[in-house]
Amino acid sequence: MKRLRRNPDESDPETNPDPDGEGSFSKDQHERKCGLSSMKMMGFFVVALMVVSVVFSVSIVLQDPPSDGVLESGKNVRFLDVMESSKEEQVLEVQPQKGPVDDDAPSIEVRKDKLLGGLLAAGFDETSCVSRYQSVLYRKESQHKPSPYLISRLRSYEALHKRCGPYTESYNKTLEKLKTGHHLESTDCNYLVWISFSGLGNRILTLASAFLYALLTNRVLLVDPGTDMVDLFCEPFPEVSWFLPLDFPLKNQFGSFDQKSPHCYGRMLKNSSFANSSKSILAPFVYLHLVHDYDDQDKLFFCDEDQTSLREVPWLIMKTDNYFVPSLFLIPTFEQELSNLFPRKEAVFHLLGRYIFHPTNPVWGLITRYYQAYLAKADERIGIQIRVFDTGTGPFQHVLDQIIACTLKENLLPDISMEKPIINQSQKSKAVLVTSLSGGYFERLRDMYWEHPTVTGEVIGFYQPSHEEYQQTEKQFHNRKAWAEMYLLSLTDVLITSSWSTFGYVAQSLGGLKPWILYKPENRTAPDPPCGRVMSMEPCFHAPPFYDCKAKRGIDTGAVVPHVRHCEDMSWGLKLVDNGSELKA
């Protein structure tokens, strides 16, 4: 009796012709195999190809999955790691969702450089800090590439940090000088210790300033962990930590360091025995007071002669709440080096920020979950960062009026229709991310666009991750959310920021954005014009010196070189610009 169908079985020679793996067939088996029709063989061949394809696809999808996937409107994103020309890259394979019509739609492969053109070093454990290499997936490609010289100097610094970092032989040797209080022979490693001080925005800006100064002076940067730095930021340098050990001898004195401290540089200059001396300072450490209340002697830190005096001091301890980078560009000794490092002057913090500041995994989770839930599907993302310096309980009507006037005047948001509904709805959507300590501005803007249609028919959605009501600098989760919101603002396409706000400075520079800045209101009246486009994305140095070190007299330091100008939001502040960029903005 001829069987029409057979269930597959391992002992059945027709479905498993070699159950023992010996590779021998019986004569009747051979005849049956030869008697198969060509059509049946073709069917087996097609089935085999399908099985291989499915197995291969599954193996790729399960390989090295990211902790937070990236979802885009109507797309699935997969991650592959490849090595090309000895340089690690992240490959994204973007596949459109398949429907009944587009089953044969081709996949689109987009190559993303996760090392940011060589800015980042390869070789980190990616799971320990997912954001380091995954952040590129959330950003548009930067127009500001690191110079080859900057890349070279960063790799050299990483080697120095590895050789001289905490608990290395060189570190222990130099630490002995600090413990004994003696400055003997020169050491092969000198250090800059950054004290964790002030609000989070200030800390981010000052830490970038300190790193650049360390790079210029060949010092190793060590970071005071404070209460939350370890919780917020990943290690930026390979193999050796940048965090100052808890057993550092001077750590308990950090809170008391001020202008009256015996080792304060400004006070040392006031000492008649040291005044006008061209010799190096023979001290184991010097405290640099660069806080906004510093005096004329402290500000001499920005003079060539004083940099020479500080060169041989093994330990410099720095406390600051200022982004002092613009004044480094006015020191002749550093001029050529800075020009080589940064051909584009307005990209200093943009590049250093992307190199140094990587959110830890808990913070990265806050960022990616919010982005995917509320921002990813929009055609355009707009950020509005609101910082109000007025006392009293908000929201303030004049601030709301200013925001609305700015968005309408600059065509950042469409106007609303008060009379009749808009029949022809646009398919375009805009997601507006609002950050503010108060929830009132978000609610008023949201209700305005909920209760009335836009004249363009566009759909506008408003989102605010948190409203903490007041700044809580020492609260850990408060600072996690603050760091997440700065980062989310940096992922927007268009940005509006508030005057004098370091929160906004961080967001614009990390994102490579030139925001519209809301001018500071006076007498609780919305200014006219309400806002203006900034001339560069660089942060503002709020308390710069106004001193000519050579002439030893006061000078307008915003008019010395073309690339250091006064800020849009603070007339006495300084910021870096590219030559002529203020005319193009």
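Up top is the structure.
Residues numbered from 1 in each chain as written. Predicted model: local features only at pLDDT ≥ 70, side-chain atom pairs only at ≥ 80, totals over all residues. Heavy atoms only, no water.

A. Here's a closer look at the pairing of strand β10 (residues 459-463). Taken together, the 5 bridges between strand β9 (residues 429-435) and β10 define a ladder with parallel strand orientation. From the neighbouring strand, Ala431 faces β10, where its bridge partner is Gly461. Tracing the backbone out of β9, into helix α15 (residues 440-451) and back to the parallel element β10 gives a crossover that is right-handed. (Pairing = 2+ DSSP bridges. Helix = DSSP H or I, 4+ residues; strand = E, 2+ residues; numbered from the N terminus. Right-handed = clockwise from strand over helix to strand, strands pointing away.)

B. Structural view of the side chain of Lys345. You can see Lys345 is positioned in the loop between α11 (332-341) and α12 (348-356). Salt bridges are absent for the buried Lys345, whose nearest opposite-charge side chain, Asp578, sits at 5.7 Å. Excluding its chain neighbours within four sequence positions, the residues that come into contact with Lys345 are Phe329, Ser339, Glu538, His563, Leu576, Val577 and Asp578. (Buried < 20%, exposed > 50% of the residue type's maximum accessible area, 1.4 Å probe, protein only. Lys, Arg positive; Asp, Glu negative; His and termini not counted. Salt bridge = Lys/Arg side-chain N within 4 Å of Asp/Glu carboxyl O. Contact = heavy atoms within 4.5 Å.)

C. Region of interest: the sheet that holds strand β5 (residues 220-223). What the 4 strands build is an open sheet, ordered β5-β4-β7-β6; its pairing is parallel. Here the strands that pair on one side only, and so sit at the sheet edges, are β5 and β6 (285-290). The mean inter-strand angle of the sheet, taken between neighbouring strand axes irrespective of direction, is 25 degrees. Judged from the 4 bridges that link them, strand β4 (residues 191-194) and β5 form a sheet pairing that is parallel. Opposite Val193, over in β5, you have Leu222 as the bridge partner. This element, helix α5 (residues 169-180), spans β4, β5, β6 and β7 (315-320) of the sheet and lies at about 80 degrees to β7. Strands in contact with helix α6 (residues 200-217) are β4, β5 and β7; relative to β4, the strand with the most contacts, it is inclined by about 175 degrees. (Axes fitted to C-alpha atoms, helices over the stretch in contact; angles between N-to-C directions.)

D. The arrangement of the side chain of Gln464 in detail. Within the element layout of this structure, Gln464 appears in the loop between β10 and α16 (476-490). Engagement of the side chain of Gln464 in a polar contact is seen with the backbone oxygen of Ser438, the distance being 3.1 Å. Apart from the residues lying within four places of it in its own chain, the contact partners of Gln464 are Tyr370, Val434, Ser436, Ser438, Gly439 and Phe442. (Polar contact = N/O pair within 3.5 Å; in protein donor to acceptor, adjacent residues only side chain to side chain.)

E. Summary view of the sheet that holds strand β13 (residues 531-533). Strand order in the open sheet formed by 6 strands is β10-β9-β8-β11-β12-β13, with mixed pairing between adjacent strands. Edge positions in the sheet fall to β10 and β13, since each of these pairs with one other strand and no more. The sheet shows a mean angle of 20 degrees between the axes of neighbouring strands, direction not considered. In terms of strand pairing, strand β11 (residues 494-498) meets strand β12 (residues 516-518) through 3 bridges, oriented parallel. Across the sheet, residue Ser498 finds its bridge partner in β12, namely Leu518. Together, β8 (380-385), β9 and β11 form the strand contacts of α16, whose direction differs from that of β9 by roughly 145 degrees.

F. Just the packing of aromatic side chains, in detail. Summed over the entire model, instances satisfying the criterion amount to 35 aromatic pairs. Between Tyr213 and Phe334, the ring centres sit 6.4 Å apart and the planes meet at 75 degrees, which makes this aromatic pair edge-to-face. Here the residue Tyr213 occupies a position in helix α6, and Phe334 occupies one in helix α11, the gap between them amounting to 121 residues. Measuring from centroid to centroid gives 5.9 Å for Phe237 and Trp242, while their planes differ by 90 degrees, and the two rings are edge-to-face. Summarising the burial analysis for this pair, Phe237 and Trp242 share the class buried. Here Lys114 stacks its cationic end above the ring of Tyr133, 4.9 Å away from the centre of that ring. The ring of Phe197 carries the charged tip of Lys319 above its face, separated from the ring centre by 5.4 Å. (Phe/Tyr/Trp six-rings, centres within 6.5 Å; stacked < 30°, edge-to-face > 60°. Lys NZ or Arg CZ within 6 Å of the ring centre and 35° of its normal.)

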